[in-house]
Amino acid sequence: MNTAKLVYRPIGLATGALGGVLAGTIVKQVWRKASGEEDAPDALQHEYPWKEVLLSAALQGLVFAVVKAASDRGGAVLFEKLTGSWPGD
């Protein structure tokens, strides 16, 4: 493992954690506005129909994937600006 990747690891973990918190907040807000309910349904909650459970899962997957990509890329760009090295190389 090269030095840039090793030094970047804590930054990547921090941006990933912050991204996860942000994504959870976004999903909660979108679901609240779309359904009027506080929380998105879980797959094991019997009272929700398939359609709602799958829509909730799709929304969560989309938001988490986009936020993860943005936070990973943003962290890498910041790391490059600070060190002159791209962490993925």
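Let me sum up the structure you'll find in this document. (Residues numbered from 1 in each chain as written. Predicted model: local features only at pLDDT ≥ 70, side-chain atom pairs only at ≥ 80, totals over all residues. Heavy atoms only, no water.)

**Observations concerning the overall build of the chain**
When its secondary structure is counted, the chain shows two helices and zero strands. Taking 12 Å as the expected radius of gyration for a compact globule of 89 residues, we find that the chain reaches 17 Å, considerably beyond that expectation. Counting only C-alpha atoms, the chain reaches 50 × 25 × 15 Å along its principal axes. Here the chain holds 89 residues, and 22% of them are scored as buried. (Helix = DSSP H or I, 4+ residues; strand = E, 2+ residues; numbered from the N terminus. Rg over C-alpha atoms; globule rule 2.2 N^0.38 Å. Buried < 20%, exposed > 50% of the residue type's maximum accessible area, 1.4 Å probe, protein only.)

**Notes on helix 1 (residues 3-35)**
Over its 33 residues, helix 1 runs 47 Å from end to end, which matches the ideal 48 Å to within 8%, given 1.5 Å per residue. Of all the bends in helix 1, the largest measures some 40° and sits at Arg-9, one to four residues before the proline Pro-10. For helix 1, every residue scored as buried is listed here: Ala-4, Tyr-8, Gly-12, Thr-15, Gly-19, Ala-23, Val-27 and Trp-31. (Expected span 1.5 Å × (residues − 1). Bend = angle between axes of the 7 residues up to and from the residue.)

**Describing the nonpolar core**
In terms of nonpolar packing, the biggest core is built from six residues, these being Ala-23, Val-27, Trp-31, Leu-59, Val-63 and Val-67. For Ala-23, the residues in contact, after removing those within four places along its chain, are Val-63, Phe-64 and Val-67. (Core = buried A, V, L, I, M, F, W, Y, C linked by side-chain atoms within 4.5 Å. Contact = heavy atoms within 4.5 Å.)

**Considering the pattern of salt bridges**
Evaluated as defined, the whole model comprises three salt bridges. Its salt-bridge partner being Arg-32, residue Glu-38 comes within 2.6 Å of it at the nearest N-O pair. Judged by relative accessible area, Arg-32 falls into the partly exposed class, the value being 29%. (Salt bridge = Lys/Arg side-chain N within 4 Å of Asp/Glu carboxyl O.)

**Observations concerning helix 2 (residues 50-83)**
For helix 2, with 34 residues, the first-to-last C-alpha span of 49 Å sits near the 50 Å given by 1.5 Å per residue. Residues Val-53, Ser-56, Leu-59, Val-63, Val-67, Ser-71, Gly-75, Ala-76 and Phe-79 constitute the buried set of helix 2. In this fold, the buried residues of helix 2 make contact with helix 1. Phi turns positive, to about 85°, at Gly-84, one or two residues after helix 2.

**Remarks on the packing of aromatic side chains**
Applying the stated criterion to the full structure yields one aromatic pair. Pairing Tyr-8 with Phe-79 gives two aromatic rings, centres 5.4 Å apart and planes at 75°, and the pair type is edge-to-face. Taken together, the residues span a long stretch of sequence, with Tyr-8 in helix 1 and Phe-79 in helix 2 at a distance of 71 residues. Tyr-8 gets classed as buried once you look at its relative accessible area, which sits at 13%. (Phe/Tyr/Trp six-rings, centres within 6.5 Å; stacked < 30°, edge-to-face > 60°.)

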